[in-house]
Amino acid sequence: MEPLIHVTNLKHVYPDKTAVHLGGLDFAVEAGQRVVIIGPNGAGKTTLLAHLLGLLAPTEGTVTVLGCRPHESFRKIRGKVGVVFQQVDEQIIGPRVYDDIAFSLRNDGLPEDQVLQKVKDVAASLQISHLLEKIPHYLSGGEKKKVALAGALVTLPQILILDEPFLSLDPESRREMIRLLNHLSREHEVSLVITTHDMEVVGDLADVVYVFHQGSIIARGTPREIFGQVNMLKEANLEPPVLAELFHRLHQKGMKVPVPQSMAEAEAWLIKALQNKENPEDIG
Ligand SMILES: Nc1ncnc2c1ncn2[C@@H]1O[C@H](COP(=O)(O)OP(=O)(O)OP(=O)(O)O)[C@@H](O)[C@H]1O
């Protein structure tokens with residue numbers, strides 16, 4: 001079956017002649033997958049997202065989203081693709097939070113009673129019902145992110161695109177955002193495409209991780225496969241998660257350790273190892 005998103009050998013040249021190339025592996029997203037893109041500054045992550053949203057047209061290569069070329073016919077798929085931009089301030093345009101979330105529904109000509117119901121439902125699911133009458137400008141950063149997410153989700157998209165959703169969130173809001181995104185994927189089968197510099201969230205969030213570096217998509221795999229390649233990550237100017245680095249060092253010292261995907265996994269392994277100090281190599 002054709003993936004929901006398929007990008008091959010994308011090259012984009014900006015008007016000032018800056019060229020962004022995503023050669024190497026194809027970028028593909030299957031239905032219901034949670035895909036996280038990592039890469040150093042300037043690797044082309046945001047440029048790719050702009051192509052998925054039809055905001056840019058490829059100079060070379062192909063971009064297919066839900067069977068369409070987004071730059072030619074994004075209107076056809078608009079309601080099926082939600083987005084939360086990095087700068088949510090630029091995205092939130094309604095005078096009240098309610099109006100902002102209602103924007104695309106009203107734009108599609110939905111009767112006001114249905115708009116009301118859908119806005120109420122999405123606000124309740126994101127636990128922001130108490131914010132609906134507020135002026136967006138005065139919201140906190142985390143609240144703004146949730147409002148932008150509500151605006152993206154209110155049309156029940158098949159694909160949700162998020163550029164750096166964890167930026168400037170405090171630990172509690174970050175956990176809450178991870179929980180929400182995983183819930184959307186699990187319960188509503190929304191496919192997620194997320195860029196982040198926050199390596200610590202990737203293991204809790206991704207089915208598939210793509211690594212962008214110097215004009216190429218250089219690696220694709222599960223978080224365990226990607227974080228098992230600590231040297232590749234460092235060469236790509238990426239800091240592996242602390243646990244991956246620690247277990248990599250233990251491995252280099254000759255210990256048969258797994259690559260932990262989460263704190264809970266590392267904790268369980270360490271408890272077993274400490275309880276069985278006689279022969280820790282047996283624990284895998
Ligand atoms: N509108 C633009 N005009 C000219 N060059 C641009 C434009 N937007 C991005 N670029 C350039 O394209 C390259 C890729 O930028 P992009 O924003 O896609 O990278 P990124 O991986 O998202 O980086 P970051 O992690 O810093 O957000 C950079 O060299 C950037 O300077």
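Residues numbered from 1 in each chain as written. Predicted model: local features only at pLDDT ≥ 70, side-chain atom pairs only at ≥ 80, totals over all residues.

1. Some points on unusual backbone geometry
To keep it simple, the criterion reads: Here a helix means four or more residues in a row that DSSP labels H or I, a strand means two or more in a row labelled E, and each is numbered from the N terminus. In this scheme every C-beta is placed from the backbone, and a residue whose C-beta has 20 or more other C-beta atoms within 10 Å is buried, one with 12 or fewer is exposed, and one in between is partly exposed.
One non-glycine residue, Lys 17, lies in the positive phi region at around 80 degrees. Turning to its location among the elements, Lys 17 is positioned in the loop between β1 (5-13) and β2 (19-24). Classification of Lys 17 as exposed rests on a count of 6 C-beta atoms within 10 Å. Positive phi, normally seen in glycine, also occurs at Gln 127, with a value near 55 degrees.

2. A look at the site of the ligand
Put simply, the test is: Working rule for contacts: place C-beta from the backbone, and if it is within 6 Å of a molecule or strand, that residue counts as near it. For this scheme, ten residues count as nonpolar: Ala, Val, Leu, Ile, Met, Phe, Trp, Tyr, Cys and Pro. Four count as charged, namely Asp, Glu, Lys and Arg, and the remainder, Gly too, count as polar.
Every residue close to the ligand is listed here: Tyr 14, Asp 16, Thr 18, Val 20, Gly 39, Asn 41, Gly 42, Ala 43, Gly 44, Lys 45, Thr 46 and Thr 47. If you tally residues by element for the shell around the ligand, the top one is helix α1 (residues 45-52), at 3 residues. Of the residues belonging to the shell around the ligand, the class tally is 3 nonpolar, 7 polar and 2 charged.

3. What about the UniProt feature "domain: ABC transporter" (unreviewed entry) in the chain?
We count it as follows: UniProt positions are given in the numbering used here, feature names are shortened, and annotations may be inferred rather than shown by experiment.
UniProt records the feature "domain: ABC transporter" (unreviewed entry) for residues 5-239 in the present numbering. In the segment residues 5-239, helix accounts for 40% and strand for 23%; the C-alpha atoms at its two ends are 28 Å apart.

4. Brief notes about the pairing of β1
Put simply, the rule reads: Here the rule is simple: two strands pair whenever DSSP picks up at least two bridges between them.
For β1 and strand β3 (residues 27-29), the ladder comprises 3 bridges, and the chain directions are antiparallel. The partner of Ile 5 across the bridge, within β3, is Val 29. When β1 meets strand β5 (residues 60-65), the two strands line up antiparallel, connected through 5 bridges. From the neighbouring strand, Lys 11 faces β5, where its bridge partner is Glu 60. The pairing of β1 with β2 spans 4 bridges and is classified as antiparallel. Across the sheet, the residue bridging to Val 13 is Ala 19, located in β2. Between β1 and β2, which pair antiparallel one after the other, the connecting turn spans 5 residues, and Lys 17 there sits at a positive phi close to 80 degrees.

5. A closer look at the confidence of the model for the chain
Formally: One confidence number per residue, pLDDT, is output by the predictor and ranges from 0 to 100.
A residue-level look at the chain finds 98% of positions with pLDDT of 70 or above and a mean pLDDT of 91. Mean pLDDT per element in the chain: helix α3 (residues 88-91) is the minimum at 82, and strand β4 (residues 34-38) is the maximum at 98. We note a pTM of 0.91 for the whole complex and an ipTM of 0.98 for its interfaces.

6. Points about the packing of helix α4 (residues 97-107) against helix α6 (residues 141-153)
The cut-off we apply is this: Throughout, an axis means a line fitted to C-alpha atoms (over the contacting stretch in the case of helices), and angles, computed between N-to-C directions, take values from 0 to 180 degrees. Note on terminology: angles under 35 degrees are roughly parallel, angles over 145 are roughly antiparallel, angles of 65 to 115 are roughly perpendicular, and the others are oblique. What makes a crossing left-handed is the near helix being turned counterclockwise from the far one by less than a right angle; a clockwise turn instead makes it right-handed. Residues are scored as being in contact if the C-beta atoms we place from backbone atoms lie within 7 Å.
Interaxial distance between α4 and α6 falls to 7 Å at its minimum, and their mutual angle equals 30 degrees. Judged by the angle between their axes, α4 and α6 are roughly parallel. Regarding α4 and α6, the two cross each other, and that crossing is right-handed. Where α4 approaches α6, its residues Val 97, Asp 100, Ile 101, Phe 103 and Ser 104 are matched on the opposing element by Val 147, Ala 150 and Gly 151.

7. A look at the packing of α4 against helix α5 (residues 112-125)
To characterise two packed helices, one gives the angle between the axes of the helices and the distance between these axes. It is at 10 Å that the axes of α4 and α5 come closest, and there the two elements cross at 125 degrees. By the angle between their directions, the pair α4 and α5 is classed as oblique. You can see that α4 and α5 cross each other, and the crossing is right-handed. Contact with α4, carried on its side by Tyr 98, Ile 101, Ala 102, Leu 105 and Arg 106, involves Val 115, Lys 118, Val 119, Val 122 and Ala 123 of α5 and no other residues of that element. Its residues placed into classes, the contact of α4 with α5 shows 8 nonpolar, no polar and 2 charged.

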